[in-house]
Amino acid sequence: MKKRAVFCSLIAMLLLTALLVTGCGGSKDGGDKGKRQLKVYNWGDYIDPDVLTSFEKETGIHVIYDTFATNEDMYVKIKAGGSDYDLAIPSDYMISRMIREKLIEKIDTARLKNYKLVGDRFRGVSFDPMDEYSVPFMWGTVGIAYNTKMVKEQVDSWSILWDKKYAKQIFMLDSPRDSIGITLKYLGYSLNTGSEKELAEAGKKLLEQKPLVLAYVVDEVKDKMIAGEGAMAVVWSGDAQFIMEKNKDIAYAIPKEGTNIWIDSMVIMKGAKNKAEAMEFIDYMTRPDIARKNVEYIGYATPIPEVQGKLSKEVQESLAAYPPAELLKNAEFFNDLTDNLPKYDKVWTEVKIAQ
Ligand code: N2P
């Protein structure tokens, strides 16, 4: 009996020590701050680094932050499993696919203080019609950034990307959906086509263009265009805005044949270990002062009207950032391709391996 009492008080002491060491059972605002963490997977160059720092400071949540260059790269890593991300920021069509494949969780937007600030045109969107899975982060278009010192003519058509006089001065996006998509638009087709014939035509066009292409690039395009290394580049609009702010010779065009309009939204991964932290991150990114810091740093467009209204007149009138509706009349969102996806993969592989 006595032995047992000693044993019990020993256990109690051990338990007490354990509690003291871990900060009394994990209270949010106690000494346990360093313990909370969040694993985020985002596009490269898609956040103001100061915003990450201030989030960590204000919430005590340690962020493990990784980046990807395209939706397809992100998908492969998530699908392979074991990456452990809590939160990612894919585009529309990829979100549809992730919902379909049960890779992401529902988000209770009623628990997000700042969700009400999201603009109406970003709610009830086709890839998440009931606003159940995603909270918009940025939006934009695909277009041509060009150097007005090297391109003297008007840029209003994708056809300029096939003009031999710009041989080896053209940067293409190393992103299958984007590069095939704009080629389909140039040919007068939908960028969601499932037609083998139309896709074969687009593939032929891209192969024909390859000798004129200086490089297939993603985030590196910004430095290259700022440095004047190419005459033009197919870019995402916010990158164009970023480039234009650093090099006044650069302009942005949305070709008349139409383009892709996209929304990148925050999603929570299925089975995320740090769901509460992910919710805090989403709400923080949607907070007006933070959203503003972000867009002013990265150049992309905010889905929060109140934030847009606070930006400089120059940015608000920039067609790279906030294009007028008439320029978007031929624009399409990408859809989840489902069974047609292999057809696009085949086209892109052929283009990339061609000599
Ligand atoms: C930023 C990537 C922009 C995302 N580097 C395009 N949807």
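One can find the structure itself at the top, above this paragraph.
Everything numeric here is computed off the predicted structure, so don't read it as measured data. (Residues numbered from 1 in each chain as written. Predicted model: local features only at pLDDT ≥ 70, side-chain atom pairs only at ≥ 80, totals over all residues. Heavy atoms only, no water.)

> Got a sec to walk through unusual backbone geometry? Specific residues and values, please.
When glycine is set aside, most residues are seen to have a negative phi, and most peptide bonds are trans. Even without being a glycine, aspartate 131 presents a positive backbone phi close to 50°. Counting through the fold element by element, aspartate 131 comes out in the loop between helix H5 (92-100) and strand E4 (135-147). Look at lysine 168: it is not a glycine, yet its phi comes out positive at around 65°. (Helix = DSSP H or I, 4+ residues; strand = E, 2+ residues; numbered from the N terminus.)

> Tell me about the packing of helix H3 (residues 49-59) against helix H10 (residues 275-285), and please be specific about residues and values.
At a minimum axis separation of 11 Å, H3 and H10 run at an interaxial angle of 125°. The angle between H3 and H10 falls in the class oblique. Note that H3 runs across H10; the crossing there is right-handed. Along the contact surface, H3 presents Val51, Leu52, Ser54, Phe55, Glu58 and Thr59, while H10 presents Glu277, Glu280, Phe281, Tyr284 and Met285. (Axes fitted to C-alpha atoms, helices over the stretch in contact; angles between N-to-C directions. Parallel < 35°, antiparallel > 145°, perpendicular 65-115°, else oblique. Left-handed = near helix turned anticlockwise from the far one by under 90°. Contact = heavy atoms within 4.5 Å.)

> So what's going on with the environment of aspartate 86? Residues and values would help.
When you line up the elements, aspartate 86 lands in the loop between helix H4 (71-80) and strand E3 (87-88). You can call aspartate 86 buried: its relative accessible area is 1%. When the C-alpha atoms of aspartate 86 and aspartate 219 are compared, they prove to be 24 Å apart, with 133 residues separating the residues in sequence. A polar side-chain atom of aspartate 86 sits 3.2 Å from the main-chain amide nitrogen of lysine 273. (Buried < 20%, exposed > 50% of the residue type's maximum accessible area, 1.4 Å probe, protein only. Polar contact = N/O pair within 3.5 Å; in protein donor to acceptor, adjacent residues only side chain to side chain.)

> How would you summarise the side chain of asparagine 114 if you had to cite specific residues and measurements?
With respect to the secondary-structure elements, asparagine 114 resides in the loop between H5 and E4. Taking relative accessible area as the criterion, asparagine 114 reaches 10% and is therefore assigned buried. When residues no more than four places from it in sequence are discounted, the contact partners of asparagine 114 are Asp283, Thr286, Arg287 and Pro288.

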